[in-house]
Amino acid sequence: MTTFRMPADEAEARAVQDALRPGVVLDEQGPPPGTGRVTGVDVAYDDGRDLVVAAAVVLDAATLEVVAESTAEGRVTFPYVPGLLAFRELPAVLAALESLPVDPGLVVCDGYGRAHPRRFGLASHLGVLTGLPVIGVAKNPFTFRYEEPGPLRGDSTPLLDGDEEVGRALRTQNRTKPVFVSVGHRTDLAGACAHTLALARDFRQPETTRRADALCRSALREAVG
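What comes next is a walk through the structure. Because the structure is predicted, anything quoted here is derived from the model rather than measured.

Re helix α5 (residues 207-224)
Consideration 1: The end-to-end C-alpha distance of α5 is 26 Å, a good match for the 26 Å that 18 residues give at a rise of 1.5 Å each.
Consideration 2: Every buried residue of α5 is listed here: E207, T208, T209, A212, L215, C216, A219 and L220.
Consideration 3: In this structure, the buried residues of α5 make contact with β1 (37-46), β2 (51-60), β3 (66-75), β4 (106-109) and α4 (189-199).
Consideration 4: Two residues or fewer after α5 comes G225, characterised by a positive phi angle close to 75°.

A few points about the environment of D42
Consideration 1: Mapping D42 onto the fold places it in strand β1.
Consideration 2: Leave out the neighbours within four places in its chain, and D42 touches V53, A54, A55, D110, T209, A212, D213 and C216.

Section: α4
An α-helical segment advances 3.6 residues per turn. Residues three or four places apart therefore align on the same side.
Consideration 1: Those residues of α4 that fall on the buried side of the exposure criterion are G191, A192, C193, H195, T196, L197 and L199.
Consideration 2: For α4, the secondary structure elements touched by its buried residues are β1, β4, β5 (134-138), β7 (164-170), β8 (179-185) and α5.

What counts, and where the lines are drawn
Here, residues in each chain are numbered from 1, in the same order as that chain's written sequence. Per-residue local features of the predicted model are confined to residues with pLDDT of at least 70, and side-chain atom pairs are confined, for both listing and counting, to 80 or more; whole-chain, interface and lining totals are unaffected and use all residues. Side-chain measures were taken over the full set of non-hydrogen atoms in the model, leaving aside hydrogen atoms and water. Think of it this way: any DSSP run of H or I at least four residues long counts as a helix, any run of E at least two long counts as a strand, and we number them from the N terminus. The span you would expect from a helix comes to 1.5 Å times its residue count less one. Any residue under 20% of the maximum accessible area for its type is buried, any over 50% is exposed, and the rest in between are partly exposed; the area is computed with a 1.4 Å probe on protein chains only. It only takes one pair of heavy atoms within 4.5 Å for two residues to be counted as in contact.

In short, the description is geometric, and any link to function would need to be established separately.
Next up, the structure:
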């Protein structure tokens, strides 16, 4: 079981990120897109009950058929702070992943990896703790800037923090809003974008994210009755 120690406050949480960040592996290409298994993870909250439910959904990368799925409930014990969301979500996400009956393969997070102020978003944090290849695919660019990509599927532009490319704005469907892809762990940016396109065959969001989002929302409704 992966050990996760909850920090006492924001300063300790940032120190944890700084301590773990050197463990991020950026010189691996990761598994080829469309092969093996891919797993989407996502969370849903009931803020009134301080409840979080995480879902992990494993898909066959070639067919996008569901291979396995699991959920896990937990209590939210860390406050909402931009840039520190991993400390609210990771305990439940780790529990959901560890409940899977199969190896998850590549993991896709609804969030950020290197596209993070300290270059250590949820996707990177999860990757370092588990050793799995992980990418982040977010719905918005967080605090970073980008030029609008071309209008067609596959068009992309750099997501920039100053002059540093921390991810890509990627058009997954013709004339829809882009998603924002970043490396988490044990992948490269070109591969992360290729995986995202392979998983977003019919919709803006990768199928991994769509399935995990639906499952965690359903599980939360059941949990709160």
